[in-house]
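Observations on the model geometry
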Amino acid sequence: MSSRRDFIKKSAIIGTGIAMAPSLSFGMAKNEKKLRVGLIGVGLRGTNHLNNVLQREDVLVTAICDTDPNRIAIALQRAEKYGKKKPKVFGKNDFDYRNLLELKEVDAVIISTPWLWHTRMAKDSMLAGKYTGLEVSAANTIEECWDLVNTHEQTGSHLMILENVNYRRDVLAVLNMVKQNVFGELVHFRCGYQHDLRFVKLNDGKSAYGKGVEFGDKGISESVWRTQHSLLRNADVYPTHGVGPMATMCDVNRGNRLMSLTSHATKGIGLHNYIVKNGGKDHPNAKLKFKQGDVITSTIETANGETIIVTHDCNLPRPYSLGFRVQGANGLWEKDGDRIYVEGQSKPHQWDASNEWLDKYDHPLWKKYGEHAQGAGHGGMDFFVINAFVESAKRNVAPPMDAYDAAAWSAITPLSELSIENNGEPQDFPDFTRGMWVKRKPYHWIKDSY
Ligand SMILES: NC(=O)c1ccc[n+]([C@@H]2O[C@H](COP(=O)([O-])OP(=O)(O)OC[C@H]3O[C@@H](n4cnc5c(N)ncnc54)[C@H](O)[C@@H]3O)[C@@H](O)[C@H]2O)c1
């Protein structure tokens, strides 16, 4: 599985159940083996990944695992719809995924389960010798972050954190601008996860986005597991959509690293207010005290002297924005306002609309596959993250976003929790590379293959 395959574009339109997307298939040289993929967790996210791999001719989905029979039924329908062989099914209990990992006919595994399962499953998968793709965030505690790194080093199995926002079209165009030094030496970043998730964390137990104020055993989909973290943890529990793209731009773990962080949290009133408004003040959940502050702000310092402000803002009414700002010695990009300023090229003290710049620096991957990626999920970026996973796994090479990245980015959760608990006291990031960041080379992001 070591040689490069090129895309062959087909024009057939296939309904994905999520969107209509052109089928993408890959030229397979004769006798080349397909990548045999097993999926653990086929809830909303896992099913999206399933759709994307089912459309590839260089992948065989050989096994799926989920403890919810309804999700298995949906996944099997998808496989049938794409005319694929029925995968082996697992999920009779919480640890049945280990039986999937024993299968010789699984080369690579995609894990899309609730957060508390991530590290345990990724570790087991690497120990079983599988090329491992793990949804975000990767880990919940510093110990888990180390577990990911140590297991990768102990086994030699690769781990890719499946951070799709790194593949967003504007993010990749700005990365291209950064690599071409348009902004000059980098100084400051802003980012975060600013997404009104009240209707995701609370629902009616029947449909994922259904009205209602239940969670845990009475909820469905993410409210079953995600909301508990808001109840018990005052932390930025979802940092990687924001920090992943910024860390890539400033070469974190490859000539740079995250050094320390301070975090502050506001009061938490958003989820309570939502419960009272939609379930009434006498609803049992109206008595709960959610520990998570509504707006959590962390400031990270890097070894190269940049700062990164990361915001977590998911419990109040607000339109979605990851709030990106990338600022260097010569200028900056701000997503909110869609604007760019480059000294000497923009009119002095005046913003340019960002679209012309972003078009000019459109990333080679988006130029090549953008049209086909559109229906893959989240505006197309889900196609690219899975493409990078599959292509890296076929070659069994280090992925663009590896175990060290998974650890450093996910460490923001426990470090922010500690800092908040201690009135904003600075917390040091462990050096998950054990000093190797000094000589590790940046990944070659600007190419049109994956
Ligand atoms: N990158 C993105 O844009 C993005 C978007 C949504 C979710 N996510 C991430 O994907 C993951 C899953 O989120 P989701 O929205 O699909 O949640 P979900 O609740 O819809 O799906 C999780 C699935 O895991 C299954 N599961 C739980 N425990 C299991 C076990 N022990 N063995 C096998 N299956 C098990 C559940 O039955 C469920 O079907 C989370 O980590 C989330 O943060 C990422």
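On a predicted model such as this, the values are computed, not experimentally measured, just so you know.

1. What to know about the sheet that holds strand E15 (residues 339-342)
Paired through backbone hydrogen bonds, the strands of a sheet run either parallel or antiparallel to each other. Within the open sheet, the 9 strands sit side by side as E16-E15-E14-E13-E9-E12-E11-E10-E17. Their pairing is mixed. A single partner strand is all that each edge strand has here, and the edge strands are strand E16 (352-353) and strand E17 (427-428). As paired strands, strand E14 (residues 331-334) and E15 are joined by 4 bridges and run antiparallel to one another. The partner of Glu 334 across the bridge, within E15, is Arg 339. On the sheet, helix H9 (residues 240-249) packs against strand E9 (186-194), strand E11 (295-302), strand E12 (307-313) and strand E13 (325-328) and is oriented at approximately 160° with respect to E9.

2. Digging into the pairing of strand E3 (residues 35-40)
Extensive coverage of E3 is indicated by the burial of 5 of its 6 residues. Summarising the sheet, E3 and strand E4 (residues 59-65) pair through 6 bridges and their orientation is parallel. Bridge pairing in E4 places Ile 40 opposite Cys 65. Judged from the 4 bridges that link them, E3 and strand E6 (residues 108-111) form a sheet pairing that is parallel. Its bridge partner lying in E6, Val 37 is registered against Ala 108.

3. Description of the packing of aromatic side chains
Scanning all chains against the criterion turns up 18 aromatic pairs. Aromatic pair Tyr 131 and Phe 389: ring centres 5.7 Å apart, planes at 70°, arrangement edge-to-face. Within this pair, whereas Tyr 131 is found in strand E7 (residues 131-134), its partner Phe 389 is found in helix H13 (residues 381-395), the two being separated by 258 residues in sequence. Each member of the pair, Tyr 131 as well as Phe 389, is classed as buried. With centroids separated by 6.1 Å and ring planes inclined at 70°, the aromatic side chains of Tyr 369 and Phe 383 adopt a geometry described as edge-to-face. Taken together, the residues span a long stretch of sequence, with Tyr 369 in helix H12 (residues 364-373) and Phe 383 in helix H13 at a distance of 14 residues. In terms of burial, Tyr 369 and Phe 383 fall into one category: buried. Just above the ring of Tyr 238 sits the side chain of Arg 226; from NZ or CZ to the centre is 4.3 Å. Over the ring of Tyr 450 we find Lys 447, and its NZ or CZ is 4.5 Å from the ring centre.

4. Some details on the state of the cysteines
The full count for this structure, using the stated rule, is 0 disulfides. Residue Cys 191 stays outside any disulfide, its sulfur separated by 9.7 Å from that of Cys 250, the closest cysteine. On the accessibility criterion, Cys 250 (4% relative accessible area) is buried.

5. Some thoughts on the pattern of salt bridges
If you walk through the whole model with that rule in mind, you get 27 salt bridges. A salt bridge links Arg 434 to Glu 153, with the nearest nitrogen and oxygen atoms 2.7 Å apart. Here Arg 434 is found in the segment after E17, whereas its partner Glu 153 is found in helix H5 (residues 142-155), with 281 residues between them in sequence. Taking the shortest distance from any N to any O, the salt bridge between Asp 338 and Lys 335 comes out at 2.6 Å. Salt bridges sharing common partners tie together Arg 56, Asp 58, Glu 391, Lys 394 and Arg 395.

Basis of the calculations
Residues numbered from 1 in each chain as written. Predicted model: local features only at pLDDT ≥ 70, side-chain atom pairs only at ≥ 80, totals over all residues. Heavy atoms only, no water. Pairing = 2+ DSSP bridges. Helix = DSSP H or I, 4+ residues; strand = E, 2+ residues; numbered from the N terminus. Contact = heavy atoms within 4.5 Å. Axes fitted to C-alpha atoms, helices over the stretch in contact; angles between N-to-C directions. Buried < 20%, exposed > 50% of the residue type's maximum accessible area, 1.4 Å probe, protein only. Phe/Tyr/Trp six-rings, centres within 6.5 Å; stacked < 30°, edge-to-face > 60°. Lys NZ or Arg CZ within 6 Å of the ring centre and 35° of its normal. Disulfide = S-S within 2.5 Å. Salt bridge = Lys/Arg side-chain N within 4 Å of Asp/Glu carboxyl O.

These figures come from the coordinates and say nothing about function on their own.
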